[in-house]
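Secondary and tertiary structure notes
Given next are the chains, with one letter for each unit.
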Amino acid sequence: MANVLDLIGRTPLVRLSRFDAGPCELYAKLESHNPGGSIKDRIGLRMIEAAERNGQLAPGGTIVEATAGNTGLGLALAANQKGYRLVLVIPDKMSQEKIFHLRAMGVEILMTRSDVGKGHPEYYQDMARRIASETPGACYIDQFSNPANPLAHETWTAPEIWNQMEHRLDAVVCGVGTGGTLTGIGRFMQREAPHVQMMLADPQGSVLADIVNTGRHGEAGSWLVEGIGEDFVPANCDLRLVARAYTISDAESLLTARELLLKEGIFAGSSSGTLLAAALRYCREQTAPRRVVTLVPDGGGKYLSKMFNDYWLAEQGIVKRERQGDLSDLVARRHGEHATVTIGPDDALSTALGRMKLYDFQQLPVLEGERVVGIIDESDVLLAVYGHAERFRDPVRTAMSTRIETLRSNVSVGALLPIFDRGHVAIVMDDHRFLGLITRYDLLTWLRRRAQ
């Protein structure tokens, strides 16, 4: 193979045998096996090749695009190999893993708001179009209306699926971000196998499922799943190809993706959970055997800080925790569940600093057995070691504060505010038993959940 771009495509297709698929055979095409980690590697390469052919992109030119993540990675893969500069405008709900990945590939990233729609100056697509128009030699790729997007799936992804299924296929379940996958595969099937039904998996809050099922364009909401769902119908999205649409909640999507890892060993992203949940609904509705394919558009490694983080799921209300009706409900990391991050009084200051950095905490409770004997923060470490670097080896007890702010779990939430005002975290106790910490962020999360 000449370079990494030759590894795009020819992704495996596997049967999902450990889910209840009713009378159906359910298969998943693992687009996460592309070298950039997603199905968007296909369109990233094909859109750049099309821009080269039609003269929009000259050697050494600049590519500008609006993306929620994976198209950016696909473009970066091809742009790096071909010597182009890449500027991406991304919404602020993109996972940190995707951002780190893009920056490691030398991509210039501009982050904008995810809570505004088309026509707003900070809407990510409008901003990308404006940047491209103001940048000499720039090409706005525009995945949402670029015909090379659906054509890549019509001539590449769909024939792979058709051949891997040995021309025995009844339905394909897709999501819509740009509409390229659904439209491209749908056009191929309409021509080569018109009996194959196209099913849409849509996040709750997106307008697309309602348009398919009722013909009405409702008001868009918000959703956590990344990469699919829209508040408008993209130019590349031909919803006439869809036989039926399924609306899937964030909770069902994220928990189904986690179940896919547990049951099948397939480490998949959030949109994969949406597609799989819809595919399972479709399969269980059938009364006769059918062969069904869905997609794993990307891998789970981009979502470790979100959907594979139990604390994040609890913050979002996806995982329901047992409620006590007191301050312990605000504790994100409960000591009784071995989830707190603590330090011992005889541990080294360097260990405390490393633990703060690893978990992005500014303060750690100091535990001796099950008893809280102090608290140490970044300022304590700094004052201890400034001008005396050798003191990083000193024990925590030499720098910790023994003036700790403790609260019994049965006091009111309002009792937290004076503690936060002094710049401290609250240590929650039940008699002499340590329950955990409450930070400002924990209180804000609790208040936000109550407001929903």
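So, here is what we can say about the structure in this document. Fair warning: this is a prediction, and the values are worked out from it, not measured in the lab. (Residues numbered from 1 in each chain as written. Predicted model: local features only at pLDDT ≥ 70, side-chain atom pairs only at ≥ 80, totals over all residues. Heavy atoms only, no water.)

Quick word on the nonpolar core
So the rule is basically this: Side-chain atoms within 4.5 Å link the members of a nonpolar core, which is a set of buried Ala, Val, Leu, Ile, Met, Phe, Trp, Tyr and Cys residues. Each residue's exposure class comes from its accessible area (1.4 Å probe, protein chains only) as a fraction of the maximum for that residue type: buried when under 20%, exposed when over 50%, partly exposed otherwise. Strands are runs of DSSP state E lasting at least two residues, helices are runs of H or I lasting at least four, and both sets are numbered from the N terminus onward. Here, residues are in contact when the closest pair of their heavy atoms is within 4.5 Å.
In this structure, Leu-26, Leu-169 and Met-189 are the most contacted members of the largest nonpolar core, which totals 66 residues. Broken down by element, the residue count for this core peaks at eight residues, all from helix α9 (residues 270-285). Beyond its immediate stretch of four places on either side in the chain, Met-189 contacts Ala-158, Ile-161, Trp-162, Leu-169, Pro-194 and Val-196. Residues Ile-48, Leu-77, Met-94 and Ile-99 belong to the second largest nonpolar core, which totals 30 residues.

Let's talk about the sheet that holds strand β4 (residues 85-91)
How we decide: Strand pairing is defined by DSSP finding a minimum of two bridges between the two strands. Between N-to-C directions, angles cover 0 to 180 degrees, with each direction set by a line fitted to C-alpha atoms, over the stretch in contact for helices.
Across the sheet, four strands lie side by side as β5-β4-β3-β6; this open sheet has parallel pairing. Two strands in the sheet have a free side with no partner beyond their single neighbour: β5 (108-112) and β6 (138-140). Across this sheet, the average inter-strand angle for adjacent strands is 20°, counted without regard to direction. Here strand β3 (residues 62-66) runs beside β6; their pairing, made up of three bridges, is parallel. Bridge assignment links Val-64 to a residue of β6, and that residue is Tyr-140. In the packing of helix α2 (residues 70-82) onto the sheet, the strands contacted are β3 and β4, and the crossing angle to β4 comes to about 175°. Across the sheet, helix α4 (residues 124-134) touches β3, β4, β5 and β6, and the angle it forms with β3 is around 165°.

Describing unusual backbone geometry
We note that Arg-10 has phi near 55°; this positive angle belongs to a residue other than glycine. Look at Glu-166: it is not a glycine, yet its phi comes out positive at around 55°. Positionally, Glu-166 belongs in the loop between α5 (148-164) and β7 (171-174). When its relative accessible area of 55% is taken as the criterion, Glu-166 is described as exposed.

Looking at the side chain of Gln-125
Mapped onto the fold, Gln-125 is located in helix α4. A residue is classified by how much of its surface remains accessible, and Gln-125, at 1% relative accessible area, is buried. For Gln-125, the residues in contact, after removing those within four places along its chain, are Ala-66, Lys-118, Tyr-140, Phe-144 and Phe-232.

Brief notes about the pairing of strand β9 (residues 242-248)
Our working definition: Seen with the strands pointing away from the viewer, any crossover whose path from the first strand over the helix to the second strand runs clockwise is right-handed.
Where strand β8 (residues 197-203) lies against β9, six bridges are found, and the strand directions are parallel. Paired with Met-199 across the strands is Arg-244, a residue of β9. On the question of chirality, the crossover connecting β8 to the parallel β9 by way of helix α7 (residues 208-214) is right-handed.

As for the pairing of β3
Here β3 lies mainly inside the structure; five of its five residues are buried. Residues Thr-62, Val-64 and Ala-66 point to one face of β3 and Ile-63 and Glu-65 to the other, with burial holding for every one of them. Inspection of the sheet shows β3 paired to β4 by five bridges, in the parallel sense. Directly across from Ile-63, in β4, lies its bridge partner Leu-86. Chirality of the crossover, the property in question, places the unit of β3, α2 and β4 among those that are right-handed.

Comments concerning helix α14 (residues 440-451)
Quick note on the threshold: Helix span is expected to be 1.5 Å times the residue number reduced by one. Summarising the geometry, the arc corresponds to the directions from the helix axis toward the C-beta atoms.
For α14, spanning 12 residues, the distance from its first C-alpha to its last is 17 Å, which sits close to the expected 16 Å at 1.5 Å a residue. For α14, every residue scored as buried is listed here: Asp-442, Leu-443, Thr-445 and Trp-446. Buried residues of α14, seen end-on, are gathered within an arc of 160° and therefore sit on one face of the element. Exposed and facing more than 90 degrees away from the buried side of α14 are Leu-444 and Ala-451.

Some details on a nonpolar patch on the surface
Test applied: In this scheme, patches are assembled from residues that exceed 30% relative accessible area and form no salt bridge. Like charges are connected within 9 Å, while nonpolar side chains (Val, Leu, Ile, Met, Phe, Trp, Tyr) are connected within 5 Å. Here the Shrake-Rupley method, with its probe set to 1.4 Å, supplies the accessible areas, and only the displayed protein chains count as covering residues. Put simply, a salt bridge is a Lys or Arg side-chain nitrogen that is within 4 Å of an Asp or Glu carboxyl oxygen.
The grouping of Leu-261, Phe-267 and Leu-304 at the surface amounts to a nonpolar patch, some 230 Å² of accessible area in total. Inspection of the secondary structure puts Phe-267 in the loop between α8 (250-264) and α9. For Phe-267, a relative accessible area of 33% gives the class partly exposed.

A word on the packing of aromatic side chains
What counts, and what does not: When two rings of Phe, Tyr or Trp (its six-membered ring) have centres within 6.5 Å they constitute a pair, described as stacked for plane angles under 30 degrees, edge-to-face for angles over 60, and tilted for the intermediate range.
Tallying each qualifying case throughout the model produces five aromatic pairs. Taking 5.3 Å as the distance between ring centres and 80° as the angle between the ring planes, the aromatic pair formed by Tyr-123 and Tyr-124 counts as edge-to-face. Grouping residues by exposure puts Tyr-123 and Tyr-124 together as buried. On the numbers, 6.3 Å between centres and 90° between planes, the contact of Tyr-124 with Phe-144 is edge-to-face. Note that Tyr-124 is positioned in helix α4 and Phe-144 in the loop between β6 and α5, a separation of 20 residues in sequence. Judged by relative accessible area, Phe-144 falls into the buried class, the value being 5%. Among the aromatic residues, those joined into a cluster by ring pairs are Tyr-123, Tyr-124, Phe-144 and Phe-232.

Remember, this is a structural readout, not a statement about activity or role.
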